[in-house]
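Structural description and commentary
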Amino acid sequence: MTAPASQIGLVGQSVKRVEDPILLTGRAKHIDDLHFPDMLHTAILRSPYPHATIVSIDASAALALPGVVAVLTGEELVNHAGPSRDYGAEWYALAVGKVRYVGEPVVAVAATSRYVAEDALDLIDVEYDPLPAVANARQAIEADAPRLYPTLDTNIVYKKTFSYGDPGRALEGADLVVTGKFRIPRLSANPMETAGVISQFDPATGGATSWSNVQAPAVALGTLVATLGIPMDRARAMVQPHGGSFGSKIALGKFIVITTVLSKLCGGRPVKYIEDRIEHLMASGSHAWEREYDVGFGFDRAGHCLGWRMVVLSDVGATGGPTQTLKALTCLVGPYRVRDVEYDITTAVSNKGGDGPYRGYGPPTHFLVIERMMDKAAAALGLDPAEIRRRNFIQPEQFPYMQPNGVEYDSGNYPEVLRVALERAGYEELRKEQERLRSEGRLAGIGVAFGVEPGGFRGQTGPYREWPAGGSLAPEAATIHLQENGDLVVDVYFAMEGQGHFTFATQVVAAYFGVPMERVRVVSAEPRLTTPSTGPMGSRQSVTLTFALRGACDLLREKLLALGAHMLDLPAEDLGIRDGRVVPASAEGKSLSLGDLAAVMHGKPADMPVGLDLDPSVTCSWTAPPPEDREGSPYLTYANGCHVVLLEVDRETGQVAILKYVIADDCGTRLNPRVVEGITQGGLAQGIGFALLEEYVYSEDGQPLSVSFMDYLLPTIYEVPLAEKAAVVTPSPATPYGQKGAGEGAIHVTPAAVFCAVNDALAPLGVELTQAPASPRRIWEAIQASPSSG
Amino acid sequence: MKPAPFTYFAPTSIEETIGLLQRYGDEAKILAGGQSLVPLLNMRLARPTALIDINRIPRLDEIVTEDDAIVVGARVTERQLERHPVVAERLPLLVALVKLIGHPQIRNRGTVCGSIAHGDPSAELPAGALALDATVTVTGPTGERTIAVDDFYLGYLATALAGDEMMTQVRFPIPAAGTGWSVQEVARRHGDFALVGAVALVRVEGGRIAATNVVSFGTGGRPLRFPEVEAKLVGSVPGEALFSEAAEAITELLDPDDDVHASAAYRRQVAGVLVRRALEEALRRCEGGSR
Ligand SMILES: Cc1cc2nc3c(=O)[nH]c(=O)nc-3n(C[C@H](O)[C@H](O)[C@H](O)COP(=O)(O)OP(=O)(O)OC[C@H]3O[C@@H](n4cnc5c(N)ncnc54)[C@H](O)[C@@H]3O)c2cc1C
C-alpha cells in the first residue's frame, strides 16, 4: 500500500494551491458565466402551500407575454420524464396533482431573459385546494396524520433498531444512568454560488447535453439516462467549476429534468436555470439534520461508559430518506470503547423542504449528543470532562478496531490527540481563568469535544446496504496524458470545487515522476459513462482520487519503461524513473527524459517494434476492494480530532462570545498541511453556524420563515474564531501515503464543543440547553428557568 | 429575484425630482443607496413603476459642520459620515451608530438620509437621530419644511413624508459640551440589524443629571423616547440603582413583537438591560461623570 520514498517528494509539502489564482481572481468559468446563442432562461413558479391539491393551472396569459417561449407543467412533464423514487415515496421534478411543501416547483417558464420569465410567473393562475399539513415528524408519525404519498400508507419512510451487544443489561447494571433529550434544527449548506444548469436537447439525435455545477457528475448522467430516457451514448453532462457545494449540489436532477424538457419543447434551444438564494433557502432539497434524540447512557463509578441507547426521530421534509441518519452507524461509538449500544431510527416525511446532503452527512449531531452525555456523566461523577474521555478512549494498540457493528476503524491515537489539544489550549490555566471569571459572576464555559471522521468513502457497503442502491461501490477515475514536450496533463472527472483536489493531484503526479509541479496540469474532463467515476463526497478524494492517480501513474510508468528499455537496449526491470527521466537502476550510462520518450510516442517512428504500446494516454478507474464480508465499513480511513473552546455567555442578554479555540487533529499524513488547515477552518465556520446561528424555522402550519439571509444566519468572519491548530500524525495503513480523508472533521466536532461549552457556562445556574442553535433567546430562556435567576 | 418592470429616471435637480414624484405619485420610489430598496424590488415586495435615482443631483453629497450641528445631505453615504474627521471629534455617537450598520460594502452605498427615510424600527441611525433631537428637511411642490424626527416617525415604516416630497437633509444637533453618550445593541451577528438596542445621552452638573435622552429601538414600530423616565432622571444623582429603576420603568412601557430571532419577552427584558448599560456607559463618558 505504501508509496516508495522516491515518489513522496512534494507530497506533504504546503505548496501553494493551484486552484487559487483562477478562483480568487474570479476567472473560473462558473455555470452562470456560460452564454450560448439563442439561450433561454428559466423561472420556476413554486408552491405557496405546504400541502394542497392542484385544481387547475392557467398559463395562457404567461404564454402570451412577449419573450415567453414555453411553459411547462407537471402534467406535461410526465410525458417526457420519469419520477424520482426514495424509500417508497415517488415524485416528479414539477408537482403532479398536489404539492407537498412550500417552494415545490409547480410550473416552469422558458423566456428570452430571466426578467421576462419572472414577469411571466406573475401571470400564471394556479388554483389550489389546501390540505391539512404535516408540520413535523411528531405529527407525521401519528396514526391519523394526513399522508404525503399515495404510494406509502404511512409517513414513516424508514424505521429500524440497530442493537449490538446487550444494551439493556448494560444500562440496568450501570452505577449511573444519564438521560438526555435533544433537538437539532434543520440547516443546510449555503455555498456562495447556488445551483445552476444549462440543458440542450438535440432534436436530430434525441440526445441531450447538460452543463451544470453538479457535485457528483454521475448523478447528472444518471438523470439524463434514467429519468429522461436519453440514449446512453448521446447523454453528456459537462461540469463547471463551483462556487462551493458542501453536498448541496449533488441533487440537481430536478433542474436537469426541467431544463431538458423545456429545451425539447423549444426546438432544442439551450435553456438555463440558476437557482436564486430564496429558492435555495426554501427548497434546495438539501435541508439536513432535523432530529430529536432521546438517549440514555450507562456508566460505572469510575466513569467507564458501559452502553447506551439512542432513539432518533428525524424529519426529512417532503423528500428524503434515512441515509444521513444511517451514517452514524459508520462511527457509531465515536472514539469510545463501548460495546453495548442501540441506535433506533425513525424517519418521517413532512410538508417541509426536502432533505439532502450537508458536509459531514449526519455525524455532527451524533457527536453532539455523545459528547454532551459524556459531560453530563462527568459532572455527575465529579470527573473532569477531559478525564472521562481519556478513560473511555479506544487505545492506540487496539487498532484496527472493530466496532460492535462490524465497522472497522483503521488507525488512531486518541489519547495523544487529546493530550496535544489540552496542552495547546493550556487547559489547566483555562480552568483557572474560568474560575476567576466565575468568581466575578461571569458565565464562562469550556468545551472539550472529540470526534472521528469516516473518510475515503468507498461505496454503499456495511450499514449503507440499507440505501436504495445498497451494495454498489464508488469508483474514481483519472487519466494522464503525456504531452509531446514531456509535460503531464491529468484529467479528473469532476469540477473544481476549491477544496484543493487539483493541488494534491498535481503534487502526487509530480512526485511520482519526479518533475516540478509546473510540468503537471490538472483539468476537469467531461465525465463519461464509460469511465466510471464518482466525484468528491464523503471525505474521499484525498484517498480515492490518489489511488486513481497512482493507478494511472503506474500504467504510464510501465509504458515508459518498456519504451525506454527498447531505446536504451536494457531490460525494463533494470530501469527506474527518477527526476523526470527513465534511468538505469545503476544510475550509470544513458538515460531518457520524459520529453525524449514523449517525442517517440507522439511521432511513432516506423522502426518501433510491433506490440509496443505507444499511446501517450492512460486511464485508471479505481474501485476500493469491497470489505470481505460486504458488511465492513463504507469508509477506508478514520481521522479524528479534539476541539477545546473557552467562551462566555452574557447572563443578561444570552449572547455568546468565543474567547479561545484550539483544534488538534489526526488525519494521518497531510498531503498538503496548508490545505488541511484551510478546510479545517472552513469546517469550523460551518460548525459555528450550526452551534450558534443557523436554523430553518417553519411556522406551525408549515410556512418557511427563514427564506433570506436576514433570517437564515450564516456565520461571518466576525463570528468565526481563527482556531489555533495542531497536528498529530498517525499514518493510515490503508492508503499510499498514510493519509486520511479530512474534509469533514471540523464540522463533526465544532457543534459538540461549542454546545458543551455553553452548557458548562450555564452549569452554575443549574440549567441546561438541549436545543441547537444556542441563540441568545434560547440561552436567555434557559437562564430565566434557573432557580437562581431570581 | 428580479424586479418587476419599472421606468428609471435620473433627475439632476430637486425640482425635477418633485415633478416626477407629482407625476407618478404612489407609483414612484426614490432610489438613494439602494441597500434597502433594491432587495425589496428584487423580492418583488415593492413594485414601483417609476424609480427616481437621486444620485445625480448636485450638492446633496455634502456634510456641513456648523457650530452646533452636523448637517448631512441626502446623498451622503454612511461611510462618508463614518470617516469624517470633524464628525468623529464632535459627534462620536454618529460614528459609533454607523459602525454598527452592516459591513463596509453596505455603508459604502447606503445613505444616512435613506436609512432615516426608510425608518426601519431596528435601525441604528433613526434611533440615534431621535436621541439627538435631529430634524429632517423635506422638499415638496410647495417648498421646504422641517420636521423633528420624533414627529417624522408615525409607525412601522410609516413617516410624515408625503408622496410628492423628498428628504433633502438631516440635521444632527451637537449635544452640550460634556455630554456622555452610548449605543448598545444585541444583534445575532456583527453587522445585523439590532434585535433590540438603546441609545442614551447623559449630562451631569454638580453631581446631578442635568439632561438625558433615552431611546429604545427594535422594540416597537419605530424608535421610542421616554419623556417621563427622562424627566425623573433629571435632577437625580446618577447611580446603579437609579439606572436600574429607569430601565425597569421603560421595560414596563414596551410592547415589542416576536420574530424568528427573538420573542417579545426577550426583547422587553433585554431592552431594559441595554437601557441600563447605555446609561452607565454614557455616564462614564460624561465630563465630571466618572466616579
Ligand atoms: C446586508 C445589509 C445589512 C444591513 N444592515 C443594516 C444595519 O445593521 N442597520 C441599519 O440601520 N441598516 C442596515 N442596512 C440598511 C442600510 O443601512 C441602508 O442603506 C439604509 O437603510 C437605506 O439607505 P439607502 O441609501 O440604501 O436607501 P434606499 O435603499 O435607496 O432607499 C430606502 C427607502 O428610503 C427611501 N428614500 C431614500 N432616500 C430618500 C430621500 N432622500 N427622500 C425620500 N425617500 C428616500 C426610498 O424610496 C426607499 O423607500 C443593511 C443593508 C444590507 C443590504
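Residues numbered from 1 in each chain as written. Chains lettered and ligands numbered in written order. Predicted model: local features only at pLDDT ≥ 70, side-chain atom pairs only at ≥ 80, totals over all residues. Heavy atoms only, no water.

1. What to know about the domain arrangement of chain B
Residues and elements named next belong to chain B. We apply this condition: Residue ranges for the domains trace back to a domain assignment, done automatically or taken from a database. Each of two parts loses accessible area, computed with a 1.4 Å probe, when they are put together; buried area is these two losses added. Put simply, a salt bridge is a Lys or Arg side-chain nitrogen that is within 4 Å of an Asp or Glu carboxyl oxygen. Under the rule applied, a polar contact is a pair of N or O atoms within 3.5 Å (in protein, one hydrogen donor and one hydrogen acceptor; residues adjacent in sequence only if both atoms are side-chain atoms). Numbering of helices and strands runs from the N terminus; a helix is a DSSP stretch of H or I covering at least four residues, while a strand is a stretch of E covering at least two. Charged residues are taken to be Asp, Glu, Lys and Arg, nonpolar residues to be Ala, Val, Leu, Ile, Met, Phe, Trp, Tyr, Cys and Pro, and polar residues to be all remaining types, Gly included.
Its domain assignment divides chain B into domain 1 (7-53), domain 2 (64-173) and domain 3 (180-288). The straight-line distance from the C-alpha centre of domain 1 to that of domain 2 is 19 Å. When the two sides are added together, the surface that domain 1 and domain 2 hide from each other amounts to roughly 970 Å², 76% of it contributed by carbon and sulfur. Together, Ile 14, Ile 18 and Gln 35 form the three largest contributors to the area buried by domain 1 at its contact with domain 2, with a combined 41%. Applying the counting rule to domain 1 against domain 2 returns zero salt bridges. Inspection of the domain 1/domain 2 interface yields zero residue pairs in polar contact (both at pLDDT 80 or more). For the side of domain 1 that touches domain 2, the element with the highest residue contribution is helix H1 (residues 14-24), accounting for five residues. Counted by class, the side of domain 1 that touches domain 2 contains six nonpolar, five polar and no charged residues.

2. A word on the side chain of A:Thr347
Residues and elements named next belong to chain A. Rules: Only protein chains enter the accessibility calculation, which uses a 1.4 Å probe; a residue is then buried when its area is under 20% of its type maximum, exposed when over 50%, and partly exposed in between. Residue contacts are counted whenever heavy atoms from the two residues lie within 4.5 Å of one another.
Structurally, Thr 347 is set in strand S17 (residues 340-348). Judged by relative accessible area, Thr 347 falls into the buried class, the value being 0%. Those residues in contact with Thr 347 that sit more than four places away from it in its chain are Asn 155, Ile 156, Val 157, Tyr 158, Ser 314, Val 316, Gly 321 and Pro 322.

3. Focus: the packing of aromatic side chains
Residue and element names in this part refer to chain A. Put simply, the rule is: Pairing of aromatic rings covers Phe, Tyr and Trp, the last counted by its six-membered ring, and requires centre-to-centre distances within 6.5 Å; plane angles under 30 degrees mean stacked, over 60 mean edge-to-face, and any other angle means tilted. For a Lys NZ or an Arg CZ to count as sitting over a ring, it must be within 6 Å of the ring centre and within 35 degrees of the ring normal.
For the coordinates displayed, the defined rule picks out 27 aromatic pairs over all chains. Arranged with centres 6.0 Å apart and planes meeting at 80 degrees, the rings of Tyr 87 and Tyr 158 form a pair that is edge-to-face. Placement of the pair is Tyr 87 in the loop between strand S4 (84-86) and strand S5 (89-91) and Tyr 158 in strand S9 (residues 156-164), with a sequence separation of 71 residues. With relative accessibility at 9%, the residue Tyr 158 sits in the buried group. Where Phe 457 meets Trp 467, the ring centres are 6.3 Å apart and the plane angle is 35 degrees; that geometry is what we call tilted. Here Phe 457, found in strand S20 (residues 443-457), pairs with Trp 467, found in the loop between S20 and strand S21 (476-482); they are 10 residues apart in sequence, far enough to count as distant. Trp 467 carries the same exposure label as Phe 457, and that label is buried. Chaining the aromatic ring pairs together yields one cluster made of Tyr 336, Phe 393, Phe 399, Tyr 414 and Phe 450. Just above the ring of Tyr 698 sits the side chain of Lys 352; from NZ or CZ to the centre is 5.5 Å.

4. Some remarks on the interface of chain B and chain A
Chain B puts 29 residues into the contact, and the matching count from chain A is 31 residues. Surface buried jointly by chain B and chain A totals about 2,600 Å² across both partners, of which 57% is contributed by carbon and sulfur atoms. Counting every contact that joins chain B to chain A gives 17 residue pairs in polar contact (both at pLDDT 80 or more). Broken down by secondary-structure element, the contributors of at least two residues to the side of chain B that touches chain A are strand S11 (180-186) and helix H12 (264-285) of chain B. With eight residues, H12(B) is the largest single contributor of residues to the side of chain B that touches chain A. Partitioning the side of chain B that touches chain A into residue classes produces 15 nonpolar, five polar and nine charged.

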